Amino acid sequence: MTAVTPVADGAPATAEYDIRLIGLTKRFDDVVAVDNISLDIDRGHFFALLGPSGCGKTTTLRMIGGFEEPSEGRIELGGVDVARLPPYKRDVNTVFQSYALFPHLSIFENVAFGLKRRGIKGGDLRKRVGDALELVGLAGLDRRKPRQLSGGQQQRIALARALVNRPRVLLLDEPLGALDLKLRKEMQLELKRIQHEVGITFVHVTHDQEEAMTMADRIVIMNGGHIEQVGEPSELYEQPRTPFVAGFLGVSNLLSGTIVGDDRVKLQDGTEVRVPTAALAGRQGNVQIGVRPEKLRIGGGEENSLSGTVAESAYIGVSTQYILDTPAGPVTVYVQNDRLGAQVANGERLTLGWSPDCTFVVDAQEDT
Amino acid sequence: MSLAFVRRHVLTVWSLFFFGYLLLPIAVVAAFSFNQPRGRFNFTWEGFTWSNWTHWNAIPGIQSAVELSLEIALIASILATGLGTLMALALVRYGFRGRATTNFIVFLPLSTPEIVLGASLLTLFLNFSTPLGFWTILIAHVMFCVSFAVVTVKARLVGFDRHLEEAAMDLGANEWTTFRKVTLPLIAPAILAALLLCFAISVDDFVVTYFVAGPRVTFPIFVWGAARVATPPQINVIGIGFFVIAVTAMLANVVLQNRRAQRA
């Protein structure tokens, strides 16, 4: 068995990006799954590709892994274009959604599979497999078969099997999707710990926004084969740039209006609100302003305000959620239950206030 | 006897009758392999003896017939299983022009009466002036065994998780290593089953073989020829011998699979 040396090994280690996607497109017959996306993924980061099902995130990951050939575009791995190389010549490893552990091989043989292909054997092999199993907290299970392990354990083995090869990039295709909620939460923190420990770039595909927020340093939000926005979790949450991002990541109140000044937007009911100047840069005409439900305060005292009547309310312990009918549209408010007996009854009239800093601006809806 | 008792056991009794009906003829053949017939025909019980088993090849021509049958069955089942496995892989894995047609043609020998297959093959061989004998028997057997092999291996491949092969390639295995280390071990049970099935079908085929055998005599043809003048008990001996070997091989396969499944 001759060793298969991943080609990218010889690339200069000084490249600042681990992965560059340039004009990457994938068409299946007449469906465009991934539409001309470009993306730089920095070394050592935990990246999440987030989006609803069918947004092209898994196809993108599979193209990086080498399981789908791009219709157009380049995939640079450490500066070398690998778009036409088979998976076994790329210095990436994948954790599959179904784990894809080899059922006929023991845990040891599963984890050793990649190392053996590179000609590593004997004591070195045993030590590296042992270290990998220790890293995922499953030392001593090496003689079992995958079927004898629980779902969570199989998940960890899949991770060890990929990481033991010390790839340039680790790809994770919704690896936590099959786990129950409690285990998923555990594994989210565990994955983050492991990523810090090994320092390898992780690219994690998920449709679970909370999972992406918990784990990733940077999130790429995809929709319909396009990249909607790239940024840190807080950046995406506080300053979404498209209506899709505002609606996909958490809850947003979006109100239609028209720009009437450097930092002023007039809502449909005539109310003028102030927004950060930067948010209006390069925009004109109709827009939507957005504000998160927890940024709204009951009562005045803030620069922006809006009045409405309570249409619905839901008490959920830590906070109460109200939906208000206002002349500018329905508005959701989360009020912290920091005092007893502060509930507001349906039909009551309230004034809401919020700071201009907490306001973001996205494109107007197409149909308005 | 209460009604409940009848209700509880009616299925058991019915099943026993059913298996009896299936197995009784085989039991009779087995029993008569120990018979000591006085005449040329082995139809009435005359007394017990081991001698048919110890002198299994005492009838002229029987040994060469058995050897030819085993030889053909061995080569034909290996060739057919090899071809069938590759065809099954192609049919399940790849979309290509004519896949539906190929599927249909593969299925055709399974549903065609053997007499039609035999007559057509004979016509073919005569038209090409192919001398009938070992090679024509082998070609015919490979032809009808391939279909069984394809169907058996395909059934296993349909449920095969393609991610396993992707994972192997992801971990640095090229196409050939992936096939050797992952695909082949996982479909091995189906390949083994196909091998056994092809062997069993080939070794006892009479109709097609009779058309294309020319001067060569396989065991089924020997039985056919012998039965017109005599039925020596050695025929029962060989028949039961084949039966026991086939059943043992299949049981071994099942036990092996179960043990593997338990260990895993």
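Numbering of residues starts from 1 in each chain and follows the order in which that chain's sequence is written. Chains and ligands are labelled sequentially in the order written, the chains with letters from A and the ligands with numbers from 1. It should be noted that, the model being predicted, local features are given only for residues of pLDDT at least 70 and side-chain atom pairs only at 80 or more, the latter also being counted only at that level, while totals for whole chains, interfaces and linings use all residues.

Description of the overall build of chain B
Basically, it comes down to this: By definition, any uninterrupted DSSP run of H or I lasting at least four residues is a helix, any uninterrupted run of E lasting at least two residues is a strand, and each is numbered from the N terminus. Every radius of gyration here is taken over C-alpha atoms, with the globule rule written as 2.2 Å times N^0.38, N being the number of residues. Whether a residue is buried, exposed or partly exposed follows from its count of other C-beta atoms within 10 Å of its own C-beta, namely 20 or more, 12 or fewer, or something in between, respectively; the C-beta atoms are built from the backbone. By the convention adopted here, residues make contact when the C-beta atoms placed from their backbones lie within 7 Å.
The helix and strand tally for chain B stands at 11 helices and 0 strands. Counting from the amino terminus, chain B carries its helices and strands in the arrangement α-α-α-α-α-α-α-α-α-α-α. Relative to the 2.2 N^0.38 estimate, which gives 18 Å for 264 residues, the radius of gyration of chain B is 23 Å and therefore markedly larger than a compact globule would have. Residues counted as buried form 29% of the 264 residues belonging to chain B. Partitioning the contacts of chain B with sequence separation of at least 6, the portion at a separation of at least 24 is 79%.

Structural notes on the overall build of chain A
Of the regular secondary structure elements, chain A holds 9 helices and 20 strands. By its C-alpha atoms, chain A is 75 × 45 × 40 Å across when sized along the principal axes. Buried residues in chain A amount to 40% of all 368 residues. Expressed as a percentage of contacts within chain A between residues at least 6 apart in sequence, the contacts between residues at least 24 apart total 66%.

Section: unusual backbone geometry
Residues and elements named next belong to chain A. Phi is positive for arginine 166, which is not a glycine, with a value near 45°. Note on placement: arginine 166 falls in the loop between helix H4 (151-163) and strand E7 (169-173). For glutamate 174, which is not a glycine, the phi torsion comes out positive at approximately 40°. Looking at the element boundaries, glutamate 174 is found in the loop between E7 and helix H5 (181-198).

Quick word on the pairing of strand E4 (residues 72-77) of chain A
Residue and element names in this part refer to chain A. Test applied: By definition, two strands form a pair when at least two bridges between them are found by DSSP.
Pairing between strand E1 (residues 17-28) and E4: 5 bridges, direction antiparallel. What sits directly across from leucine 21, in E4, is isoleucine 75. Here E4 pairs with strand E5 (residues 80-81) via 2 bridges, running antiparallel. Paired with glutamate 76 across the bridge in E5 is aspartate 81.

Details of the confidence of the model for chain B
Rules: Confidence of the prediction at every residue is given by pLDDT, a number between 0 and 100.
Residues at a pLDDT of 70 or more form 98% of chain B, whose mean pLDDT is 90. Both scores are available for the predicted complex, with the pTM at 0.80 and the ipTM at 0.81.

Focus on the confidence of the model for chain A
Residue and element names in this part refer to chain A. For chain A, mean pLDDT is 88; residues scoring 70 or higher make up 95% of the total. In the model of chain A, helix H9 (residues 277-280) stands out as the element of lowest mean pLDDT, 86, in contrast to strand E9 (residues 218-223), which has the highest, 95. Every residue in residues 1-15 is under pLDDT 50, and counting partners more than four places away or in other chains gives 28 contacts.

A look at the sheet that holds strand E17 (residues 319-326) of chain A
Residue and element names in this part refer to chain A. Spatially, the 5 strands line up as an open sheet ordered E15-E19-E16-E17-E18, and their pairing is antiparallel. The sheet is open, and its two borders are formed by strand E15 (297-298) and strand E18 (329-336), each paired with just one other strand. Inspection of the sheet shows E17 paired to E18 by 8 bridges, in the antiparallel sense. Each bridged residue has a counterpart across the sheet, and for isoleucine 323 the counterpart in E18 is threonine 332.

A look at the interface of chain A and chain B
Across the contact, 21 residues belong to chain A and 17 residues belong to chain B. If you list the elements that add at least two residues to the side of chain A that touches chain B, you get strand E6 (92-95) and helix H2 (107-117) of chain A. At 3 residues, the largest contribution of residues to the side of chain A that touches chain B is made by H2 of chain A.

Comments concerning the pairing of E9 of chain A
Remark: a regular strand shows side chains that alternate across the two faces of the sheet. All names here are of chain A. Two elements, strand E3 (residues 46-50) and E9, share 4 bridges in a ladder whose sense is parallel. Bridge pairing in E9 places leucine 49 opposite valine 220. Two strands pair when backbone bridges link them, and E9 and strand E10 (residues 226-231) are joined in this way by 5 bridges, in the antiparallel orientation. Bridge pairing in E10 places valine 220 opposite valine 230. Hairpin connection from E9 to E10: 2 residues lie between these consecutive antiparallel strands, with glycine 224 at a positive phi of about 55°.

Some points on H4 of chain A
Residues and elements named next belong to chain A. Heads up, the condition is: Here the expected length of a helix is defined as 1.5 Å per residue gap, with one fewer gap than residues.
Helix length check: H4, at 13 residues, gives a terminal C-alpha distance of 18 Å against a target of 18 Å (1.5 Å per residue), a fit within 8%. Counting buried residues along H4, 10 of its 13 residues qualify, which places the element largely inside the surrounding structure. Restricting attention to buried positions, one finds in H4 the residues Gln154, Gln155, Arg156, Ile157, Ala158, Leu159, Ala160, Arg161, Ala162 and Leu163. Summarising the contacts, the buried residues of H4 are in contact with E6, H2, helix H3 (122-135), E7 and H5.

Re the packing of helix H6 (residues 134-158) of chain B against helix H8 (residues 175-203) of chain B
All names here are of chain B. Under the convention used in this document: To define axes, lines are fitted to C-alpha atoms, for helices over the stretch in contact only, and angles between the resulting N-to-C directions are given on a 0 to 180 degree scale. Roughly parallel here means an angle under 35 degrees, roughly antiparallel means over 145, roughly perpendicular means 65 to 115, and every remaining angle is called oblique. In this scheme the crossing of two helices becomes right-handed for a clockwise turn of the near helix relative to the far one and left-handed for an anticlockwise turn of less than a right angle. When residues are grouped by polarity, Ala, Val, Leu, Ile, Met, Phe, Trp, Tyr, Cys and Pro land in nonpolar, Asp, Glu, Lys and Arg in charged, and all others, Gly among them, in polar.
Where H6 meets H8, the axes come as close as 9 Å, and the angle between the chain directions of the two elements is 155°. Taken together, the axis directions place H6 and H8 in an arrangement best described as roughly antiparallel. Judged by the twist between their axes, the crossing of H6 over H8 is right-handed. Where H6 approaches H8, its residues His141, Cys145, Phe148, Ala149, Thr152, Val153, Ala155, Arg156 and Leu157 are matched on the opposing element by Ile187, Ala190, Ile191, Ala193, Ala194, Leu197, Cys198, Ile201 and Ser202. Of the residues that constitute the contact of H6 with H8, the class distribution is 14 nonpolar, 3 polar and 1 charged.

Comments concerning the sheet that holds E5 of chain A
Strand order across the open sheet formed by 4 strands is E2-E1-E4-E5 (chain A), with antiparallel pairing between neighbours. The sheet is open, and its two edges are formed by strand E2 (31-42) and E5 of chain A, each paired on a single side.

Thoughts on the environment of glutamate 134 of chain A
Positionally, glutamate 134 of chain A belongs in helix H3. Among the residues examined, glutamate 134 of chain A registers 12 C-beta atoms within 10 Å and is labelled exposed.

Some remarks on the environment of valine 28 of chain B
Looking at the element boundaries, valine 28 of chain B is found in helix H1 (residues 3-32). Sequence spacing of valine 28 of chain B and threonine 101 of chain B is 73 residues, and the spatial spacing of their C-alpha atoms is 45 Å.

What to know about the environment of valine 229 of chain B
Its location among the elements puts valine 229 of chain B in the loop between helix H10 (219-227) and helix H11 (233-263). Sequence separation between valine 229 of chain B and arginine 40 of chain B is 189 residues; the distance between their C-alpha atoms is 7.6 Å.

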